[in-house]
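One letter stands for each residue in the lines below.
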Amino acid sequence: MPNIQTSKLFWASCLALLVTSLSFGIRAGIMGQLGTDFQLSATQLGTITATAFWGFPLAVIIGGFIVDVIGMKRLLVMAFLFHLAGIALTIFATGYWTLFFSTLLIGIANGTVEAACNPLVATLYPDDKTTRLNYFHLWFPGGIVIGTLLVTLLVHLGIGWQVQVALMLIPTLIYGFLFSKLDFPVTERVSSGFSSGDMYKAVVSPLFLFMVLCMFMTGITELFTGQWISLLLKNVTENAILLVTLTAGMQVLGRAFAKPIVKKLAPAGVLLFSAIFSAAGLYMLSTFTGNSIFFAAVIFGIGVCYFWPTMIGFVAENIPQSGALGLNLMGGAGMFAVSVFTIFMGGYYDGLIVKHLPVGADLGAYTAAAGGSAEATALEAAKNLAGPEVLQVTLILPLILIAAFGGLVVYMRSKKAKQVIN
């Protein structure tokens, strides 16, 4: 009989998720520096960022199909190897293509971690899934807080981005060691006796497909904004990277105190609450200036706080037949949507910048202009106008989600009322 150490498995999972979030936080912090060092446009930076979001859904969906067969432990060994390779290639990057492939490898590693750890947490805590998934996922914004603060400190000390990336090796080696020593349970679907046929029926049910569509929008609202906020608003405030830190900090606090909120509102109510606050926060971020923009970041952080873990928790609780595949299809859907949106918005952002430059201006020439020149000044002014416009386009998604989750609350309450009557 395997010796399942629930607490140790949970904390090792949190450490693995910390590595995935450090990759987001550190990359968000060094994005501008990479653009300068390798002379990359916003479109190229958008494509590099998006590769992490391609690798993630690829890994998480494949992982969802195979995790019941090969087990969660083997998946996590694969995640460890992908993390090592991706971090090393980033440190020794020489230009666009090495950054592209290193980010892709890290994205695959991040997806593989979630492919194993989401079903692991649901299996370890069958009676408290949504709350425990919120506790687990607080390490994602937690890593972003740590990552962005580290970047801010190391930039201030004049330490290069290669060292900043190398710091991810420390928690990577620790989680790899911990998982190698622990026994793992089988997934909850396998232990509950649901067949593969039950699983495939569940992932094409109307409720599941509705949640996948919503996951497209919740993923973009949270992760696209989180990755790009420092770039989009760096001309609005001198401390744009701290907006990322503040937003992520609110997510950590919110997820740490998820239990009473989930109990009071139920997962569907939590999602409606999140959509309302996300829409308000994005509107404020795109219109406020000066110090008030930090208040906007707090509101936005409260909004996106519960999206990801509660979406997965809702499926785990209400469509348990979908098993690990259901949870991983949800994660994959969110990241895939972010990858497509990021590439589109990178080009859209470049287009907005050109629109605000003099007629006939060449963006490449303005990007390469020396600091302090008329061209460089004009480019900064154009970016100052373009960034908030990108956020205003993104605002459409949480507005749609308010209607969608409002309908979900009504549906779940009527379903519960019918069950009580029967």
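First, a word on scope: everything that follows refers to the structure included in this document. (Residues numbered from 1 in each chain as written. Predicted model: local features only at pLDDT ≥ 70, side-chain atom pairs only at ≥ 80, totals over all residues. Heavy atoms only, no water.)

Attention shifts here to the overall build of the chain. Across its full length, the chain holds 19 helices and zero strands. Its C-alpha atoms give the chain a radius of gyration of 21 Å, near enough to 22 Å, the size a compact globule of 422 residues would have. Taken along its principal axes, the extent of the C-alpha atoms in the chain is 70 × 45 × 35 Å. Of all 422 residues assigned to the chain, the portion counted as buried reaches 56%. (Helix = DSSP H or I, 4+ residues; strand = E, 2+ residues; numbered from the N terminus. Rg over C-alpha atoms; globule rule 2.2 N^0.38 Å. Buried < 20%, exposed > 50% of the residue type's maximum accessible area, 1.4 Å probe, protein only.)

Moving on, we come to the nonpolar core. With 129 residues, the main nonpolar core has Tyr175, Phe179, Leu285, Met330, Phe405 and Leu408 as its most contacted residues. Once residues within four sequence positions are removed from consideration, Leu408 is found in contact with Leu207, Phe210, Met211, Ala268, Leu271 and Phe314. Counting residues in hydrophobic clusters, the runner-up holds five residues, among them Ala258, Val262, Val270 and Tyr306. (Core = buried A, V, L, I, M, F, W, Y, C linked by side-chain atoms within 4.5 Å. Contact = heavy atoms within 4.5 Å.)

Following both chains from N to C, one finds helix 15 (residues 307-318) and helix 19 (residues 396-421) inclined at 30 degrees, their axes separated by 15 Å at the closest point. Considered as vectors, helix 15 and helix 19 are oriented roughly parallel to each other. Seen from above, helix 15 lies across helix 19 with left-handed handedness. Taking contact as the criterion, the partners of Phe307, Met311, Phe314 and Asn318 in helix 15 are, on helix 19, Leu401, Phe405, Leu408 and Met412. (Axes fitted to C-alpha atoms, helices over the stretch in contact; angles between N-to-C directions. Parallel < 35°, antiparallel > 145°, perpendicular 65-115°, else oblique. Left-handed = near helix turned anticlockwise from the far one by under 90°.)

A few words now on a nonpolar patch on the surface. A cluster of nonpolar side chains, Leu153, Leu157, Ile159 and Val163, forms an exposed patch at the surface whose accessible area comes to about 330 Å². Secondary-structure assignment places Leu153 in helix 6 (residues 139-156). Note on Leu153: relative accessible area 44%, which makes it partly exposed. (Patch = residues over 30% accessible without salt bridge, like charges linked within 9 Å, V, L, I, M, F, W, Y side chains within 5 Å. Areas by Shrake-Rupley, 256 points an atom, 1.4 Å probe, with all protein chains shown as cover. Salt bridge = Lys/Arg side-chain N within 4 Å of Asp/Glu carboxyl O.)

Right, let's talk about the state of the cysteines for a bit. The tally for this structure, following the rule as stated, stands at zero disulfides. Cysteine Cys214 shares no disulfide, and the gap to the nearest cysteine sulfur, in Cys305, comes to 18 Å. Take Cys214: its relative accessible area is 1%, and that puts it in the buried class. (Disulfide = S-S within 2.5 Å.)

Glancing now at the packing of aromatic side chains. The final tally for this structure, using the stated rule, is 20 aromatic pairs. Each ring, one from Phe10 and one from Trp11, has its centre 5.7 Å from the other, and the planes form 75 degrees; the classification is edge-to-face. Overall, the relative accessible area of 3% leaves Phe10 in the buried class. Between the aromatic rings of Trp54 and Phe100, the centroid separation amounts to 5.7 Å while the plane-to-plane angle is 70 degrees, which identifies the pairing as edge-to-face. (Phe/Tyr/Trp six-rings, centres within 6.5 Å; stacked < 30°, edge-to-face > 60°.)

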